[in-house]
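Observations on chain architecture
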Amino acid sequence: MNRIIFLLVLSFSSLQLTAQNIKGQVIDEQQQPLLCANVLLLTVKDSTLIKGTVTNEQGHFELAAPDVPYIIKISFIGYEPCYLNNRQGNIGAIQLKTNSTDLNAVVVKGRRPTVKVGLNKIEVNVSNSYLKYMGKATTVLGKIPGLTKDLQLLEGGTPTFVLNGKPVSVKELSTIPSSEIKKIIVDSNPNVEYSATCKGVVYITTIKALENTLSTEISNGSLFARHYMNVADFTLNEKFKNMSNLLSIGFSYLNTTQIDNTTESVFLPTSIIYSNKERHTHGQGRALTWFYAMNWALSSKQSWGIQYSGNIGNTHTTEPTLQKMNAQSMDYTQGKRGVSYIHNIGINYKYSFNKMSSLRFIADYAHYKSENTGFANAIPEVKTSSSGMYNIAGAKLTYSTKAKWGNFSTGAFTSTMRNNGGYSYNSEEEDYKTQETLYGAFASYSKQIKKFLVQLGLRLEADKRRLESQEKGVFVDDINWKVFPNLVVNRELTENSSIGLSIGQNISRPTYSNLNPSIDYYDAISYRVGNPQLRPCITNNIKLTYNIGNVMTSVAYNHSKDKIIELPFWKDNGIDNKNIEWRPVNFVKSSSIVATAIYSYSFGPIQGDISFYYSKPFMKATFLDEERTWNKPSYNVNLSAQCPISKTSILAFDGSFDSAYSGMVTNHRSSWTLNLTYMQQLWKERLTLLVVANDIFHTDRSNTWDMEYNNIRTTMDSNFDTQYLMVKLNYNFGKLKLDKTKNSASKDIIDRL
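Quick summary incoming for the structure in this document. No experiment lies behind these values; they were computed from the predicted model shown.

Details of the packing of aromatic side chains
- For the coordinates displayed, the defined rule picks out 18 aromatic pairs.
- On the basis of an interplanar angle of 55° and a centroid distance of 5.4 Å, the ring pair of Phe224 and Tyr228 is categorised as tilted.
- Look at Trp672 and Phe697: their rings are 5.8 Å apart centre to centre, the planes differ by 40°, and that puts the pair in the tilted class. Here Phe697 lies in the loop between strand E40 (687–694) and strand E41 (705–709) and Trp672 lies in strand E39 (residues 671–682), a separation of 25 residues in the sequence.
- Judged by relative accessible area, which is 37%, Trp672 ranks as partly exposed.
- Joined through ring pairs, the aromatic side chains of Tyr351, Phe353 and Tyr399 make up one cluster.

Structure below.
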């Protein structure tokens, strides 16, 4: 009888065990969910497969527990597999570590999609596409869906770039070889740590190598346009035990030509002044860039690193110009020379309390100097010069934790800038000093509540700025406090669809070239001045997003106060005989409605993506005492595709079409482009040949527009060196590692240089 009771109890316990599900979330080392990761249940005895599933867009999975002892195996291509014994219920977040042994060659058969579309996120697997061999990280970013070719967000705004968990500048990304990039994620709903200064974050993850490796890579790219250009790079990477070192050096030579045809009509009370100009800009430039990073894992909980990057460059520009004003010839030639250099050194420290909580500290110092001179043989002759010397220092402390009650992060930051600058315009000279200090704190909280994900954030910051000149005294001396709230609510509708709502506010501060009170020569009748009185632009936005499968759509409304734009003004008493003054100003109000759609497709071996952008601005300005409204809608369509030709070669193309549209008091012409790329791997995939035909039909007219403001009408038609052929050879001696890179606590200030 006792034996029967025991068997009944055992059977009941087994049924209870079987009825309980196993669920959790699979994430990568940047805490991003992994879509389509494999979750398998294997028998303990011989690892026979019992059952399995794959994760959804949020990285979640759920399986019914079997009635036999089992092992959970979680795996994803490019990551080390994870094994768990007999775990039941909600096992929480499982973090997978990258493994470069699966990624040392491009996969031309398309084993998994290159582009994955989620709610407010676009993920591109660079290591699985021809983008891996494009040259630099900045080149790859210009071809990512969700970003424009000038590295702006598709829905508008400048993103923050985060490399392996640390913010970096575009200048630093230009030193990172594209072969080191594993994946790129465009997140258009960032948390409050970044949302105050941008509408989106671009997360860049690099490939990690095995322990104790030494490897080198060399590449050379030749560009054939109107003139010959060349870009060469050398990378050395070494790791031994817990210490890694990376050195990257690059040299580039550019030789470009740009042809601008410009007209300006000035309507005065008693006369009309008409000017037409054809300018040929011949520019040559040389730049030497370097990047060094050392990282040392002190223990399983602590790591620290030091980074040093910089560049030295010079430019020489000649601009022969044919210009007439009311049929009077005013031809001239202008020459410009510039030299600049920047040094940036920083340290970072990270302490992990456990797998879910960590403390990070970064501090850095940057020194930047530039000198420029110019001469124009106009009537009268014009001699100009300008210089600037910037010293920037900053620090940032961040604490983050993940728990059952939610995810929480908080931090404090500060950065300061000092600049001694000056300029001369013929006999007029001026020296000025700029001081700016930015400091603040932020806090962010998020929690998954059943099918809802709620994210709340608040950022408080103060900006203290002082600008004074030797002759005119103090221009600006004030301090501004700002509070930036952030709210994101996402709801999972089905396994492959979700909807989201986000409300936020961000700030765009003027660049230092706009703030500095310098004078620049434009042409025989025009000049440009800075505006120290510029105010930062504050934008309030609300966005609704829907995602189903590989399609993401969004509609957003943006309302901006004090938008910054450069406009012409007629001056009766100008400089010399020049009466048109261009200067940046604040527009009190402007708004826009923006809609986007992105679709990632795969038809057999062919993979690609299609993106669509629609915008309707709402802005008013005055022309000839009449108020006009700029609200002409515009749209943009981008299409890209890649197809393997053989096991070692790929053919890819991408094209775009921009409709005619209204910008900030400008009307732009329509434009379209088509680019082709061919990639071939040789010598056991060590040598890679890349051939790129850019703007094949030379139809890019993105800088063709007309403007009407106050009493001046301006037109511009530019012809750039967008049509070129690039031939690039890349030789990889071995596996590379780039797991710790330069970060900057003063990124916001450095970017504005």
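Here the narrative resumes, following the displayed structure.
Looking at the pairing of strand E32 (residues 578–603)
- Across three bridges, the pairing between strand E29 (residues 526–529) and E32 is parallel. Each bridged residue has a counterpart across the sheet, and for Arg528 the counterpart in E32 is Trp582.
- In the sheet, strand E31 (residues 551–575) pairs with E32 via 20 bridges, with the strands oriented antiparallel. Counted as the bridge partner of His559 is Ser591 from E32.
- Two successive antiparallel strands, E31 and E32, enclose a turn made up of two residues, where Asp576 displays a positive phi of approximately 55°.
- Pairing geometry for E32 and strand E33 (residues 606–623), over 13 bridges, is antiparallel. Along E33, the bridge assignment pairs Ala597 with Phe612.

Regarding unusual backbone geometry
- Cis peptide bonds are those with omega within 30 degrees of zero, and the linkage from Ile379 to Pro380 qualifies with -5°.
- With respect to the helices and strands, the residue Pro380 is situated in the loop between strand E21 (357–376) and strand E22 (382–403).
- In this structure, Lys450 is a non-glycine residue whose phi angle is positive, near 55°.
- Position of Lys450 relative to the elements: it lies in the loop between strand E24 (428–449) and strand E25 (452–469).
- Classification of Lys450 by relative accessible area gives exposed; the value is 81%.

Quick word on a nonpolar patch on the surface
- Taken together, the side chains of Leu493, Ile499, Leu501, Ile503, Ile542, Leu544, Tyr546, Ile548, Val555, Tyr557, Ile593 and Phe618 define a hydrophobic patch exposed on the protein surface, amounting to about 920 Å² of accessible area.
- Where the nonpolar patch is concerned, the elements lending two or more residues are strand E27 (497–508), strand E30 (537–548) and E31.
- It is E30 that provides the largest number of residues to the nonpolar patch, a total of four residues.
- By the element assignment, Tyr557 lies in strand E31.

Describing the sheet that holds strand E4 (residues 60–64)
- Strands sit in the order E4-E1-E7 across an open sheet of three strands; the sheet is mixed. The open sheet is flanked by E4 and strand E7 (89–95), the only strands paired with a single partner. Across the sheet, the mean angle from the axis of one strand to that of its neighbour is 20°, orientation sign disregarded.
- Note: strand E1 (residues 21–27) against E4, five bridges, orientation antiparallel. By the bridge assignment for E4, Gly24 is matched with Phe61.

Re the environment of Gly142
- Mapped onto the secondary structure, Gly142 falls in the loop between helix H2 (137–141) and strand E10 (160–163).
- Exposure remark for Gly142: the relative accessible area of 22% places this residue in the partly exposed category.
- Not counting residues within four places of it along the chain, the set of residues in contact with Gly142 comprises Thr148, Lys149 and Leu151.

A short note on the sheet that holds strand E6 (residues 82–85)
- In space, the four strands of this open sheet follow the order E3-E2-E5-E6, with antiparallel pairing throughout. The open sheet has two free edges, formed respectively by strand E3 (49–54) and E6, since each of these has just one partner strand. Each strand axis lies, on average, 20° off the axis of its neighbour in the sheet, ignoring direction.
- With four bridges joining them, strand E5 (residues 70–75) and E6 adopt antiparallel strand pairing. Across the sheet, residue Ile71 finds its bridge partner in E6, namely Asn85.

A closer look at the nonpolar core
- Membership of the largest hydrophobic core comes to 39 residues, with the highest contact counts inside it found for Leu141, Ile184 and Ile204.
- The residues contacting Ile204, other than those within four sequence positions of it, are Leu141, Phe161, Val162, Leu163, Asn164, Leu173, Ile181, Lys183 and Ile184.
- The next biggest cluster of nonpolar side chains, apart from the first, holds 33 residues, and it includes Ala376, Tyr425, Tyr521 and Val665.

About the cut-offs
The written sequence of each chain sets the order in which its residues are numbered from 1. Whole-chain, interface and lining totals are the exception, using all residues; otherwise, since this is a predicted model, local features are given only for residues with pLDDT of at least 70 and side-chain atom pairs are given and counted only at 80 or more. Excluding hydrogens and water, the side-chain values take into account all heavy atoms of the structure. In this analysis, rings of Phe, Tyr and Trp, with Trp reduced to its six-membered ring, are considered paired at centre separations within 6.5 Å, and the interplanar angle assigns stacked below 30 degrees, edge-to-face beyond 60, and tilted for intermediate values. Strands are runs of DSSP state E lasting at least two residues, helices are runs of H or I lasting at least four, and both sets are numbered from the N terminus onward. In this scheme, a residue with accessible area under 20% of its type's maximum is buried, one over 50% is exposed, and one in between is partly exposed, where area comes from a 1.4 Å probe on protein chains only. Each pair of strands is called paired provided DSSP finds at least two bridges between the two strands. Think of a patch as exposed residues, more than 30% relative accessible area, with no salt bridge, where like charges cluster within 9 Å and nonpolar side chains (Val, Leu, Ile, Met, Phe, Trp, Tyr) cluster within 5 Å. The method behind every accessible area is Shrake-Rupley, applied with a 1.4 Å probe, and residues are considered shielded solely by the protein chains displayed. For this analysis, a salt bridge means a side-chain nitrogen from Lys or Arg found within 4 Å of a carboxyl oxygen belonging to Asp or Glu. Interaxial angle, 0 to 180 degrees, is taken between N-to-C directions of lines fitted to C-alpha atoms, where a helix line uses only the stretch in contact. Only heavy atoms enter the contact rule, under which two residues are in contact if any of them lie within 4.5 Å. The term nonpolar core refers to a set of buried residues drawn from Ala, Val, Leu, Ile, Met, Phe, Trp, Tyr and Cys, joined through side-chain atoms within 4.5 Å.

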